[in-house]
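The lines below spell out each chain.
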Amino acid sequence: MPVDQKTAHSLYQQMLVIRYFEETMAQVYMEGKTPVFDIGGGTVPGEMHLAAGQEPVAVGVCAHLRSSDAATGPHRAHHIAIAKGVDLKKMAAEIFGKKTGLGKGKGGHMHLFDPSVKFGCSGLIAAGMPPALGSALAAKMQHRDDIAVSFFGEGASNQGAFHESLNLAAVWKLPVVFICEDNSYAISVPKSLSTAIARNSDRAQSYGIPGISVNENDVIAVYEAAGEAVSRARRGDGPSLIEVHTDRYFGHFQGDPELYRDPQEVSRLKQHDPIVRLSKQLQEQGWLTPDQDAAIQRTARAMVDEAIDFARQSPYPAPEEALEDVFVPVG
Ligand SMILES: Cc1ncc(C[n+]2csc(CCOP(=O)(O)OP(=O)(O)O)c2C)c(N)n1
Ligand SMILES: [Mg+2]
């Protein structure tokens, strides 16, 4: 499915929104956590996993989705939420722990949930895979042509839930697309130390479903591969697995000393930055003027600034609301 000019502009803008959001979060997160790193302190207490560099995966896939399609993500999921259409202001407020957030500030950055666009994520790796199957099964039983997409990291591909989900989706021919984001690391563990084969997409064959490997961190390549898999799922031909080789620019979490990788690695990766590359490519083919480029960048920046301001200005939940909207053990 080749990309047209309007879609290309939209892919570009969404990648910029994600990049600006993640870069802004990296700064906001450090407020109140210095001089000695205090993970519980500051504007955004707790862990923070950012996805700058991985924009092509979420954006290239979600461009094919409707709000009635489901998408599940892991602990690193801001990019997927944004690409799936989650409200940026409510998402920022949730990350800040504010009452105006998606989960009234009680989920935080790893537990973003938005039923209006059928998006959810979880801090447990591979835990989004079975619920994606559930959503796909519901669509199939109700004769809707909605699908479900499950995003997870290459580290999660060694979890039992990965294998069980692929098998069940294949046996029941469910409308699911599995997206493995291979960013080369699971925390500090390189893929070569955790996985005996080079490509997780090869595992699809053992479940009798198509496995596709996208070797470049490129939004157009992802868009084209995902288009095929989404159409296949929508027309009732069953699941597919797509693995994308992508790049993580920040540490596993903010505050990660990253002793497991060469300090020059990220600057080398950034030489092939997918956002810069797309802008250049579109300009060269006459699809983007410098003025249009500047306008798209301004719009993306304004969206992020507005969301962060909204989150800052929103109130915290009141202490007496602490037990509302949460599961409380009985007895
Ligand atoms: C079930 C489970 N086991 C262990 C962890 C701890 N953990 C958090 S992230 C992570 C690595 C995930 O690696 P990958 O799937 O490649 O995702 P990435 O962080 O690279 O996006 C682990 C082991 C967890 N959150 N859930
Ligand atoms: Mg990984």
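Up top is the structure.
Everything in this summary refers to the structure shown in the same document.

Calculation notes
Residue positions are given per chain, counted from 1 along the sequence in the order it is written. To read the labels, note that chains go from A and ligands from 1, taken in the order they are written. Given that the model is predicted, a residue must reach a pLDDT of at least 70 before its local features are reported, and side-chain atom pairs must reach 80 or more before they are shown or counted; all residues, however, enter totals for whole chains, interfaces and linings. For side-chain calculations, the full set of non-hydrogen atoms in the structure is used, while hydrogens and water are omitted. We call an atom a donor if it is N, O or S and sits within 2.8 Å of the metal, or 3.2 Å for Na, K and Ca. Water is not counted, so some sites may look partial. Secondary structure follows DSSP: runs of H or I at least 4 residues long count as helices, runs of E at least 2 residues long count as strands, and numbering of each begins at the N terminus. Residue exposure (1.4 Å probe, protein chains only): buried if accessible area is under 20% of the type maximum, exposed if over 50%, otherwise partly exposed. Lines fitted to C-alpha atoms define the axes, with helix axes restricted to the stretch in contact, and inter-axis angles between N-to-C directions lie between 0 and 180 degrees. If an angle is under 35 degrees, it is roughly parallel; if it is over 145, roughly antiparallel; if it lies from 65 to 115, roughly perpendicular; otherwise it is oblique. Handedness of each helix crossing follows the sense of rotation of the near helix against the far helix: counterclockwise by less than a right angle gives left-handed, clockwise gives right-handed. The contact rule is simple, with two residues in contact once any of their heavy atoms fall within 4.5 Å. When residues are grouped by polarity, Ala, Val, Leu, Ile, Met, Phe, Trp, Tyr, Cys and Pro land in nonpolar, Asp, Glu, Lys and Arg in charged, and all others, Gly among them, in polar. Note on definitions. A residue lies near a molecule or strand when any single heavy atom of the residue is within 4 Å of it. We call two N or O atoms a polar contact when they sit within 3.5 Å, provided that within protein one can donate a hydrogen and the other can accept it, with sequence-adjacent residues counted only if both atoms are side-chain atoms. In these tables, accessible area is a Shrake-Rupley quantity obtained with a 1.4 Å probe, and a residue counts as shielded only by the protein chains included in the view. Only protein atoms enter the 1 Å grid, on which a cavity is a set of points fitting a 1.4 Å probe that cannot get out and a pocket is an open set with protein on both sides within 12 Å along at least 5 of 7 lines, lining residues being those with an atom within 4 Å of a point. Think of it this way: a molecule belongs to a cavity or pocket when more than half its atoms come within 2 Å of the grid points there. Note: two strands are recorded as paired if DSSP finds a minimum of 2 bridges between them.

Ideal geometry at a metal gives 109.5 degrees between four tetrahedral donors and either 90 or 180 degrees between six octahedral ones. Every protein donor of the magnesium ion (ligand 2) is accounted for by E154 (OE), N183 (OD1) and Y185 (O), and the metal-donor separations fall at 2.1 to 2.2 Å. When the donors of the magnesium ion (ligand 2) are listed by position in the chain, the intervening gaps give E-x28-N-x1-Y. Of this pair, E154 sits in the loop between β4 (148-153) and α6 (160-171) while N183 sits in the loop between β5 (176-182) and β6 (185-186), and the two are 29 residues apart along the sequence. Residue class for E154 comes out buried when judged on its relative accessible area of 1%.

Two numbers describe how helix α2 (residues 55-62) lies on helix α8 (residues 219-234): the axes approach to 8 Å, and their chain directions differ by 40 degrees. Judged by the angle between their axes, α2 and α8 are oblique. Seen from above, α2 lies across α8 with right-handed handedness. From α2, P56, V57, V59, G60 and V61 reach across to α8, where they touch V219, V222, Y223 and A226. Tallied by class, the residues present in the contact of α2 with α8 amount to eight nonpolar, one polar and no charged.

Around ligand 1 sit 15 residues in total, of which H75, R76, G123, G155 and Y185 are the nearest. A distance of 3.0 Å separates an oxygen atom of ligand 1 from a polar side-chain atom of E154. Residue H252 places a side-chain N or O atom 3.4 Å away from an oxygen atom belonging to ligand 1. Taken by itself ligand 1 offers 580 Å² of open surface, and the protein chains cover 74% of this. The pocket occupied by ligand 1, as judged from atoms lying within 2 Å of grid points, is the largest pocket. By residue class, the composition of the shell around ligand 1 is six nonpolar, seven polar and two charged.

Further remarks concern the sheet that holds β4. Pairing is mixed across the open sheet formed by seven strands, whose spatial order is β2-β3-β1-β4-β5-β9-β8. The open sheet is flanked by β2 (113-114) and β8 (211-214), the only strands paired with a single partner. Bridge analysis of β5 against strand β9 (residues 240-245) gives six bridges, and the strand direction is parallel. In the sheet register, E181 faces β9, and the bridge partner there is V244. On top of the sheet, α2 reaches β4, β5 and β9; it is set at about 170 degrees to β4, its chief contact. Strands in contact with helix α5 (residues 129-141) are β1 (70-73), β4 and β5; relative to β4, the strand with the most contacts, it is inclined by about 170 degrees.

Attention now moves to the packing of helix α1 (residues 5-30) against helix α11 (residues 290-313). Contact geometry of α1 with α11 gives a least axis separation of 9 Å together with a crossing angle of 40 degrees. Here α11 runs oblique to α1, going by the angle between their axes. For the element pair α1 and α11, the recorded crossing hand is right-handed. Residues H9, Y12, Q13, L16, V17, Y20, F21, T24, M25 and V28 of α1 form the contact with α11, whose own contacting residues are Q292, D293, I296, Q297, T299, A300, R301, M303, V304, I308 and R312. Along the lines of polarity and charge, the residues of the contact of α1 with α11 split into twelve nonpolar, six polar and three charged.

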